[in-house]
Amino acid sequence: MDDRLFRDAMGKFATGVTVVTTQDENEIHGMTANAFMSVSLDPKLVVVSIGHKARFLPKVQKSKKFAVNILAADQKKYSMAFAGQLKEEIEIVFDQLAGLPVLPGSLAQVSCEVVAEHVEGDHTLFIGKVLDINVTDGDPLIFYSGKYRELVECEIKTV
Ligand code: FAD
Ligand code: NAD
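Okay, so let's go over this structure. What you are looking at is a predicted structure, and each value in this text was computed from that prediction instead of being measured.

In this section: the sheet that holds strand β4 (residues 36-40). Two pairing modes exist for strands in a sheet, parallel and antiparallel, and in both the strands are linked by backbone hydrogen bonds. Ordered by their spatial adjacency, 7 strands build an open sheet running β3-β2-β6-β9-β10-β5-β4, and the pairing between neighbours is antiparallel. Both edges of this open sheet fall to β3 (27-33) and β4, since each of them pairs with a single strand only. Pairs of neighbouring strands in the sheet enclose a mean axial angle of 35°, with direction left out of account. Bridging between strand β9 (residues 108-120) and strand β10 (residues 123-135) involves 12 bridges; their strand directions are antiparallel. By the bridge assignment for β10, E117 is matched with F126.

This part takes up the pattern of salt bridges. In the structure shown here, the tally under the stated rule is 4 salt bridges. With a closest N to O distance of 3.5 Å, K59 and E27 form a salt bridge. Of the two residues, K59 is situated in helix α2 (residues 56-63) and E27 in strand β3; the sequence distance between them amounts to 32 residues.

Let's shift gears to the environment of V135. Note that V135 resides in strand β10. Taking relative accessible area as the criterion, V135 reaches 65% and is therefore assigned exposed. Spatially, the C-alpha atoms of V135 and E120 are 31 Å apart, while their sequence positions differ by 15 residues. Residue contacts for V135: discarding those within four places in its chain leaves L107 and A108.

The rules behind each value
- Residues numbered from 1 in each chain as written.
- Chains lettered and ligands numbered in written order.
- Predicted model: local features only at pLDDT ≥ 70, side-chain atom pairs only at ≥ 80, totals over all residues.
- Heavy atoms only, no water.
- Pairing = 2+ DSSP bridges.
- Helix = DSSP H or I, 4+ residues; strand = E, 2+ residues; numbered from the N terminus.
- Axes fitted to C-alpha atoms, helices over the stretch in contact; angles between N-to-C directions.
- Salt bridge = Lys/Arg side-chain N within 4 Å of Asp/Glu carboxyl O.
- Buried < 20%, exposed > 50% of the residue type's maximum accessible area, 1.4 Å probe, protein only.
- Contact = heavy atoms within 4.5 Å.

Interpretation in functional terms is not warranted from these geometric data alone.
Here it is, written out as structure tokens:
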């Protein structure tokens, strides 16, 4: 099957956008990811899927921890920066949550320790047990059909 067909189909699933972050000693690394999902309420588990070519992969395998930062509508620049799509480097002053670097201004920051890793095809799924959470009000950044979008509230008409 053609890769483009698969990506076009998966792109029809509108998602939010996250930046996953980790820290190895003093070095902070972040990567844009939309393959993120809530897994379990008891215990509280989430999953992120990281491609085998990503430089983020060995870093999270070593640190055994990551934070998921759910981006707000005004954080498109962070999404592009952490996907390597900006020409210029941006300097970010990270906050800390449960010993992990988190992006200020994100709608939710979720710090996790890795409890399982599953290699599936050309990605590895990291199951994270949630250590701590911060939540802020605001509108999310949306990714749909390869483009960034913003939420529009729809009016439901009842007859
Ligand atoms: P690197 O090139 O090492 O880093 C990416 C960029 O982040 C670089 O420009 C780097 O300068 C910057 N950066 C890293 N750390 C810092 C820091 N501390 N301060 C400032 N800048 C920093 N790939 C997946 O595997 N899974 C997904 O779910 C996924 N979802 C995506 C969703 C979207 C909307 C997009 C646009 C891309 C997605 N990708 C996903 C692709 C992935 O984001 C890129 O391939 C990414 O560049 C790979 O990360 P890396 O660690 O190899 O990149
Ligand atoms: P796109 O058309 O490539 O992405 C549409 C959808 O396809 C994504 O939301 C994702 O669900 C899926 N997808 C894309 N690449 C994938 C991959 N390598 N493995 C598994 N699923 C994948 O959108 P775009 O704007 O061209 O994406 C920008 C870049 O980010 C591309 O290089 C793309 O490969 C990468 N990306 C990777 C993933 C991922 O690895 N899970 C997800 C999104 C985007």
